[in-house]
Amino acid sequence: MSVVATSSSLSSRPVVPVVDILRFNTCGSVDDGKSTLIGRLLYDSKSLMEDQIEALERSADITGGGQINLANLTDGLRAEREQGITIDVAYRYFATPKRKFIIADTPGHVQYTRNMVTGASTANLSIVLVDARAGVIEQSRRHTAIASLLRIPHLVVAINKMDLVDWSEARFNEIRAQFEEFLPRLDIKDVKFIPLSALNGDNVVEPSKHTPWYAGPTLLAHLETVHIASDHNLSGFRLPVQWVNRPNNPTDARLHDFRGFSGQIAGGIVKVGQKVMTLPGGLTTTVKRIHTHDGDREEAFCPQSVTLLLEHDIDVSRGNMIIGLEDLPGASTDLQAKVCWMHPRVLQPGKKLWLKHTTHSVQAVVTEITHRINVTTLEQEPAPAGLALNDIGEIRLRTSRPLVFDGYATNRLTGSFILIEPGAHATVAAGMLHAPREVVRPEDGDFVI
Amino acid sequence: MTNYHLDHLDLLETEAIHIMREVAGEFERPVLLFSGGKDSICLLRLAEKAFRPSDIPMPFLNVETGHEFPELIEFRDRRAKQLGAKLIVRTVDQALASGAATQAPGEVSRNKLQIPVLLGAIEEFRFDCAIGGARRDEEKARAKERFFSFRDSFGQWDPKNQRPEIWNLYNGRLNAGENMRVFPLSNWTEMDVWEYIKREKLEVPSIYFSHTRECFRRGGQWLPVPPAHTDATKPDPYAGARPKPTEQRKTMVCRVRTIADMISTGMVESPASSFDDIIAEVAAARVTERGSRADDKASEAAMEDRKKAGYF
């Protein structure tokens, strides 16, 4: 068996410096300067190409009376350009020598919550834009609250249009104080306030000469340096099995007994020789090999994609989970979760849906809508009429088969699910599970769930 | 001493492998669109990483316009054979002959004619999912694309009504006749593709590297002069795509940055003869990759319109 240590395969990489990827989302309405800010980031970091600038100028000549509209960069669909709106999440890419960036750019109207949840679900960082003249408005609170519900680790409050308040430090501090009033109620670890003017480029890429009172980084400098290495969960090994790797009629005799369980590690670290448990079933065995196409490994970690070979011949298939024996997950058919409802038809108790969690799809019924969450105040409100489009609420669900899960606060990948309606198969909700009330118990050798 | 850190290529790779395996897990009859171009070359390596030592659990499909660079066809066939995969080829010529596709009067490009051929192949083989190498950074209609992109029973994309895609949970559920297009390279940029090809030491068709070729100037681009028309019993397949006497001709040291077919691929003057040269060129480029694609210049919404009709 050939063994390639992780460290040696890393060091054999080409000499380009190791760069990682920061995913961030921006969300805002038509007038708050969001598109201008993205345009400015791309333009000043030299991420726009000549033909893109030409295309902007061309459409400016035809439809814009000669004025370049940076929003045309992000609004990719004809209907968006015609109506001057952004319909859906658009993704933008740019890079600096320090990092690669993926921007999820989401519109701030009508489908606000649905789009924001979609764009933010994979983000490391969220940028809240505040118009310095208007200060903290309801939308700023909604945005921040959703970032908190989704547990985005980093938040940037970009106080924009500072040129229109004469670069007033007092105004900046006032808005910051408004924010800090409600931040303690939220679950955000890291918040940064930056005074800027997206239109003129102050403190976006280049430091502003108008803010001698501001000692912090520019927006781009912050994006380049914010620490994201610890955003993945490295405790509690979880491998949701995606696919059973079993060669058909292999010509190589050594492959006759190859039976591997392929998946992307959703939490923790796994090592050869380690004891693991397969769920459901609860049988314990040992990791024999960690196979990858680049050779076997001694260990692997979240979010690597691997194929595990186990010591015993255990019945494991897609939708099952292989876990470590420490930091155990829960396993239950009775679940409590926060959901963001994304469909025009109101959700009411009794509704039967498909639930997809990791690689596992089961039938589920909503047994109770406990309450609705006021996204502006984060207070609980009764929801006698059910959950409407863009509502976030607390529900209870019963599933046809048990889910093996963690609380969303512990693990975003094993604590999240989507709901799918059984007719047209639309994705109708995003769900975040509460921590399990009890965990699976490895000491029960004959544990069956 | 292990450092639990993944670089950007590792992160993009594990995301794409996850998507490949979701396709294998959720669909009954998936197919992988393989043209021999740089993006689909990456897809094949990702498929190997996702499924080896098993066979790649899906055939490959290519739709030929009939105007392909011969180097590309040779490479495509050889690579599919090396991987032990079944390669299905369907052509615009067949579709024109059977009446499944009709050329618009005066139109030279066969780009749009690929749509009925692709949809025909999906129907013929009852594919429920087609994996493609499209990337969101290529074009702004593609920037709105999902990893799992739902197509109705007419093959149409409805960008206003897409399934929200949250975390890494992809909804692959379909009713009869519907299908899914899946794009594992959604988050890759042109630079990522070349860095990955270099890191994985992947072979690419020779036309990506600098060579000497006779070209002519049309629509602000240098288009390759098509091969001579030798069989006088058949109509010239390149009618309309040959240089007119008034068009400037030039023998250039050039390469392709992106490959469509010969009549819609602009050649770029370039001395790049290695992956490092290409990476340096991409890093210094001042126009986007699709700036050399005649098919995208038709209008601001050219890509959007083709995608709505079923283009990949």
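The text that follows walks through the structure, step by step, so that each part is easy to find. Computed from a predicted model, the values in this text were never measured in an experiment.

The rules behind each value
- Residues numbered from 1 in each chain as written.
- Chains lettered and ligands numbered in written order.
- Predicted model: local features only at pLDDT ≥ 70, side-chain atom pairs only at ≥ 80, totals over all residues.
- Heavy atoms only, no water.
- Helix = DSSP H or I, 4+ residues; strand = E, 2+ residues; numbered from the N terminus.
- Buried < 20%, exposed > 50% of the residue type's maximum accessible area, 1.4 Å probe, protein only.
- Contact = heavy atoms within 4.5 Å.
- Areas by Shrake-Rupley, 256 points an atom, 1.4 Å probe, with all protein chains shown as cover.
- Pairing = 2+ DSSP bridges.
- Axes fitted to C-alpha atoms, helices over the stretch in contact; angles between N-to-C directions.
- Parallel < 35°, antiparallel > 145°, perpendicular 65-115°, else oblique.
- Nonpolar A, V, L, I, M, F, W, Y, C, P; charged D, E, K, R; others polar.
- Buried area = accessible area lost by both parts, 1.4 Å probe.
- Salt bridge = Lys/Arg side-chain N within 4 Å of Asp/Glu carboxyl O.
- Polar contact = N/O pair within 3.5 Å; in protein donor to acceptor, adjacent residues only side chain to side chain.
- Core = buried A, V, L, I, M, F, W, Y, C linked by side-chain atoms within 4.5 Å.
- 1 Å grid on protein atoms, 1.4 Å probe; cavity = no way out; pocket = protein on both sides within 12 Å on 5 of 7 lines; lining within 4 Å.
- Points joined across faces, edges and corners; volume = space filled by probe spheres on them.

Here's the deal with the overall build of chain A
Scanning chain A for helices and strands turns up 9 helices and 22 strands. Looking at chain A as a whole, 57% of its 449 residues are labelled buried. Counted over contacts in chain A with a minimum sequence separation of 6, partners at least 24 positions apart contribute 72%. Accessible surface, chain A as shown: approximately 18500 Å² in total, 49% of it carbon and sulfur.

Here we look at the sheet that holds strand 5 (residues 148-151) of chain B
Residue and element names in this part refer to chain B. Across the sheet, which stays open at both edges, the 6 strands sit in the order 3-2-1-4-6-5 with mixed pairing between neighbours. The outermost strands of the open sheet, each flanked by one partner alone, are strand 3 (87-91) and strand 5. Within the sheet, the average angular offset between the axes of one strand and its neighbour, ignoring direction, is 30°. In the sheet, strand 1 (residues 30-33) pairs with strand 2 (residues 60-64) via 2 bridges, with the strands oriented parallel. What sits directly across from Leu 33, in strand 2, is Leu 61. With respect to the sheet, helix 2 (residues 38-51) is in contact with strand 1, strand 2 and strand 4 (129-131), its orientation differing from that of strand 1 by roughly 135°.

Remarks on the packing of helix 1 (residues 8-26) of chain B against helix 2 of chain B
Residues and elements named next belong to chain B. Across the interface, helix 1 lies against helix 2 with an axial gap of 9 Å and an inter-helix angle of 70°. Put simply, helix 1 runs roughly perpendicular to helix 2. Contacts from Glu 13, Ala 16, Ile 17, Met 20, Arg 21 and Ala 24 in helix 1 reach Leu 43, Leu 46, Ala 47, Lys 49, Ala 50 and Phe 51 in helix 2. For the contact of helix 1 with helix 2, the residue count by class is 9 nonpolar, no polar and 3 charged.

Details of the environment of B:Leu118
All names here are of chain B. Following the sequence through the fold, Leu 118 ends up in helix 5 (residues 114-124). Residue classification places Leu 118 among the buried residues on the basis of a relative accessible area of 7%. Counting along the chain gives 26 residues from Leu 118 to Val 92, while the straight-line C-alpha distance between them is 9.4 Å.

Examining the interface of chain A and chain B
Listed by partner, the interface residues are 89 residues for chain A and 68 residues for chain B. Summing both partners gives a buried area of about 6900 Å² for chain A against chain B, and 54% of it is carried by carbon and sulfur. Among the residues of chain A in contact with chain B, A:Tyr93, A:Trp243 and A:His293 are the three that bury the most area, contributing 10% of the side total. Connecting chain A to chain B are 7 salt bridges. Notably, a salt bridge pairs A:Arg23 with B:Glu15, separated by 2.8 Å at the nearest N-O pair.

Description of the side chain of B:His8
Relative to the elements of secondary structure, B:His8 occurs in helix 1. When sequence neighbours within four positions are dropped, the list of residues in contact with B:His8 reads A:Val19, A:Asp20, A:Ile21, A:Lys100, B:Asp192 and B:Glu195.

Side note on the side chain of B:Arg146
Assignment of secondary structure puts B:Arg146 in the loop between strand 4 and strand 5. For B:Arg146, the side chain forms a polar contact with the main-chain oxygen of B:Arg163, separated by 2.7 Å. Excluding its chain neighbours within four sequence positions, the residues that come into contact with B:Arg146 are A:Asp88, A:Val89, B:Arg136, B:Gln162, B:Arg163, B:Pro164, B:Glu165, B:Phe183 and B:Ser186.

Looking at the nonpolar core
In terms of nonpolar packing, the biggest core is built from 72 residues, with B:Met20, B:Leu32, B:Phe51, B:Phe148, B:Trp188 and B:Trp194 touching the most fellow members. Filtering out sequence-adjacent residues up to four positions away, B:Met20 remains in contact with B:Leu32, B:Leu43, B:Leu46, B:Ala47, B:Ala50, B:Phe51, B:Ile131 and B:Pro184. Judged by nonpolar contacts, the second largest core, of 43 residues, contains A:Ala145, A:Leu155, A:Ile175 and A:Ile392.

Digging into unusual backbone geometry
Cis geometry is found at the peptide bond from A:Cys302 to A:Pro303, where omega equals 5°. Residue position: A:Pro303 is located in the loop between strand 13 (299-301) and strand 14 (305-310). In this model, B:Arg52 is joined to B:Pro53 through a cis peptide bond whose omega is 10°. Looking at where B:Pro53 falls in the secondary structure, it is placed in the loop between helix 2 and strand 2. Residue A:Asn203 is not a glycine yet carries a positive backbone phi of 60°.

Quick look at empty space enclosed by the protein
Applying the stated criterion across every chain, the model contains 4 cavities of 30 Å³ or more. A volume near 100 Å³ is recorded for the second largest cavity. Around the second largest cavity sit A:Pro240, A:Gln242, A:Gln264, A:Ile265, A:Ala266, A:Thr358, A:Thr359, A:Leu413, B:His18, B:Asn168 and B:Leu169, which together line it.

Topic: the pairing of strand 17 (residues 352-357) of chain A
Residue and element names in this part refer to chain A. Judged from the 6 bridges that link them, strand 17 and strand 18 (residues 360-373) form a sheet pairing that is antiparallel. Bridge pairing in strand 18 places Leu 355 opposite Val 362. The pairing of strand 17 with strand 21 (residues 416-420) spans 4 bridges and is antiparallel. Looking across to strand 21, one finds that Leu 355 is bridged to Leu 419.

Some points on the packing of helix 1 of chain B against helix 6 (residues 190-199) of chain B
Residue and element names in this part refer to chain B. Interaxial distance between helix 1 and helix 6 falls to 11 Å at its minimum, and their mutual angle equals 95°. As the angle between them shows, helix 1 and helix 6 are arranged roughly perpendicular. Together, His 8, Leu 9, Asp 10, Leu 12 and Glu 13 of helix 1 and Asp 192, Glu 195, Tyr 196 and Arg 199 of helix 6 make up the contact between the two elements. Its residues assigned to classes, the contact of helix 1 with helix 6 comprises 3 nonpolar, 1 polar and 5 charged.

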